[in-house]
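Here's the letter readout for the chains.
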Amino acid sequence: MRTLLIAAGLAALLTSPLIAAPGDIVATRIAGFREVGAAFKNINDELKSGRPQLYVVQISARQIRDYARQHMGWFPAGSGPRPGVKTAAKPEIWTQAPAFKKAQDGFTTQANAFAGVAGSGDVAKMRVAAKALGGSCATCHRSFRVEDKR
Amino acid sequence: MARTPRQFVWDLPVRLFHWALVLLIGFSWWSAENYHMDWHRLSGQAVLFLIAFRLIWGVVGSDTARFAHFLKGPRAIRVYLADRNAPAPVGHNPLGGWSVVAMLAVLVMQVVSGLFAVDTDGIESGPLSHLVDFDQGRLASAIHGVVFAGLQALIALHVLAVLFYLAVRRRNLVGPMVTGSAAAPAPISVRRAGPLALVVALLLSTALAWWLFAQSAL
Ligand code: HEM
């Protein structure tokens, strides 16, 4: 009996990280997207001004590109909406996996493209590329994120 | 048959303000729901112009448009509510005056939160969003949403009140808001604003609306 209890306890201890994992990855991706959002805000604030600080744009572009390398791992199966987990991820992420993958790839492509243009120093081109990058966020959010609009 | 005398109620600027506001609130809503954020921004700029104009007009406009004229204390409100047969005031009644202030206050919150709002996609943020950080901008965006729910509730109440007067009190308030006047046996004179006041109000509100939305004005 005693050994059984210890075994059960050990098993519970060992499996608890697995059970906790979906919650953690939700927190990770929300924090990640907020970083992406903040970096993208820096870019747009600079591009909006008459004299953009190019190094701010370039650092932020690199940050976003780095996140674009991680985000593929942010949506493991089982990390969708369920009781007790606050997430705006829609179930369609997993039920329409190919379309979601396309949206992810679109973001990766645009993030890489923007990082390239940011390095070139051509502000007019950066403005166009920033629109395209923002478009890749919007495309995914409209289909796969619960809207709060605005 | 003699023409019934008309009572002047609302000047043209107030009426134009009102119906332009109705159209623009509807358009702002529609454009946000359908991701036409560039139109939403323009519409917000126009609403800001209207609100600024109305606030100034509330000081320099015709009597029925002035806050000092239609804002009354609790006693006047009690008297108005207690006596159904009390003579109807020209312009806003003592309670209606405060509903105007409530609507204008909520509209100000709506517009100001929009100025600083940062959207999730980052492409269409408010014209002053560069003055706040990302978290503050997201908060402004959340406020923009909550305040709109409040605005919708106030508008519903407003339209219900107008319908109440039409159906229960047998008084058509919409007519004067369209034509500017109402039939009345013994019209009283209302002091009307002159062209100078109009020019000043238009110039100030246009300047504000232009300046706040101008690229990196601040
Ligand atoms: C977007 C929706 C609406 C908003 C934001 C709005 C706002 C306002 C405001 C701010 C005033 C005060 C006018 C002033 O003193 O400058 C007002 C008055 C008035 N509104 Fe509206 N309104 C809306 C819709 C409507 C509709 C649909 C009707 C028609 C049924 C209407 C009928 C009136 C009338 C009759 C008055 C004058 C009330 C009185 O006699 O005291 N409104 N509205």
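Per an unreviewed UniProt entry, chain A is named C'cytochrome, and its organism is Sphingobium indicum BiD32.

Engineer: If you had to explain the nonpolar core to someone new, which residues and values would you point to?
Structural biologist: Residues and elements named next belong to chain A. Residues Ile43, Leu47, Val57, Ile64, Phe107, Phe114 and Leu133 are the most contacted members of the largest nonpolar core, which totals 29 residues. For this core, the secondary structure elements donating two or more residues are α1 (2-48), α2 (54-70), α4 (97-120) and α5 (123-144). Examining the composition of this core, we find that eight residues originate from one element, α4, more than from any other. Setting aside its immediate chain neighbours within four residues, Ile43 contacts Val57, Ser60, Ala61, Ile64 and Phe114.

Engineer: Residues and numbers for empty space enclosed by the protein, please.
Structural biologist: All names here are of chain B. Taken as a whole and judged by the stated rule, the model has one cavity of 30 Å³ or more. Roughly 470 Å³ of volume is contained in the largest cavity. Looking at the largest cavity, it is lined by 27 residues, and the ones nearest its centre are His40, Gly44, Gln110, Gly114 and His144. Broken down by secondary-structure element, the contributors of at least two residues to the lining of the largest cavity are α1 (12-33), α2 (37-60), α5 (94-116) and α6 (134-167).

Engineer: Describe the pattern of salt bridges, naming the residues involved and giving the relevant values.
Structural biologist: Residues and elements named next belong to chain A. Throughout the structure, instances matching the rule amount to seven salt bridges over all chains. Between Asp105 and Lys101 there is a salt bridge; the shortest N-O distance is 2.9 Å. Residue Asp105 and its partner Lys101 are both found in helix α4; the two are separated by four residues, about one turn of the helix. Residue classification places Asp105 among the partly exposed residues on the basis of a relative accessible area of 29%. If you follow the salt bridges from partner to partner, you end up with Arg65, Asp66 and Arg69 in one network.

Engineer: I'd like a rundown of the layout of surface pockets, residues and numbers included.
Structural biologist: Considering only enclosed or pocket space, the second largest pocket measures out at about 670 Å³ in volume. Lining the second largest pocket are 31 residues, with Phe33(A), Arg34(A), His141(A), Arg145(A) and Thr120(B) sitting closest to its centre. Elements with a contribution of two residues or more to the lining of the second largest pocket: α1, α4 and α5 of chain A together with α6 of chain B. Tallied by class, residues from the lining of the second largest pocket come to 16 nonpolar, eight polar and seven charged.

Engineer: Summarise the coordination of the iron atom of the ligand; cite the residues concerned and give the values.
Structural biologist: Around the iron atom of the ligand, the protein supplies His18(B) (NE2) and His158(B) (NE2) as donor atoms, at distances of 1.9 Å. Exposure remark for His18(B): the relative accessible area of 18% places this residue in the buried category.

Engineer: Describe the interface of chain A and chain B, listing the residues and the values that go with them.
Structural biologist: At the interface, 23 residues of chain A touch 25 residues of chain B. Overall, the association of chain A and chain B removes approximately 2,000 Å² of surface from exposure, summing both partners, and the carbon and sulfur fraction of that is 52%. Along the contact surface separating chain A from chain B lie two salt bridges. Ionic pairing is found between Glu124(B) and Lys131(A), a salt bridge with its closest N-O pair at 3.4 Å. Linking chain A with chain B are eight residue pairs in polar contact (both at pLDDT 80 or more), by the criterion used here.

Rules behind the numbers
- Residues numbered from 1 in each chain as written.
- Chains lettered and ligands numbered in written order.
- Predicted model: local features only at pLDDT ≥ 70, side-chain atom pairs only at ≥ 80, totals over all residues.
- Heavy atoms only, no water.
- Core = buried A, V, L, I, M, F, W, Y, C linked by side-chain atoms within 4.5 Å.
- Buried < 20%, exposed > 50% of the residue type's maximum accessible area, 1.4 Å probe, protein only.
- Helix = DSSP H or I, 4+ residues; strand = E, 2+ residues; numbered from the N terminus.
- Contact = heavy atoms within 4.5 Å.
- 1 Å grid on protein atoms, 1.4 Å probe; cavity = no way out; pocket = protein on both sides within 12 Å on 5 of 7 lines; lining within 4 Å.
- Points joined across faces, edges and corners; volume = space filled by probe spheres on them.
- Salt bridge = Lys/Arg side-chain N within 4 Å of Asp/Glu carboxyl O.
- Nonpolar A, V, L, I, M, F, W, Y, C, P; charged D, E, K, R; others polar.
- Donors = N, O, S within 2.8 Å, 3.2 Å for Na, K, Ca; no water.
- Buried area = accessible area lost by both parts, 1.4 Å probe.
- Polar contact = N/O pair within 3.5 Å; in protein donor to acceptor, adjacent residues only side chain to side chain.

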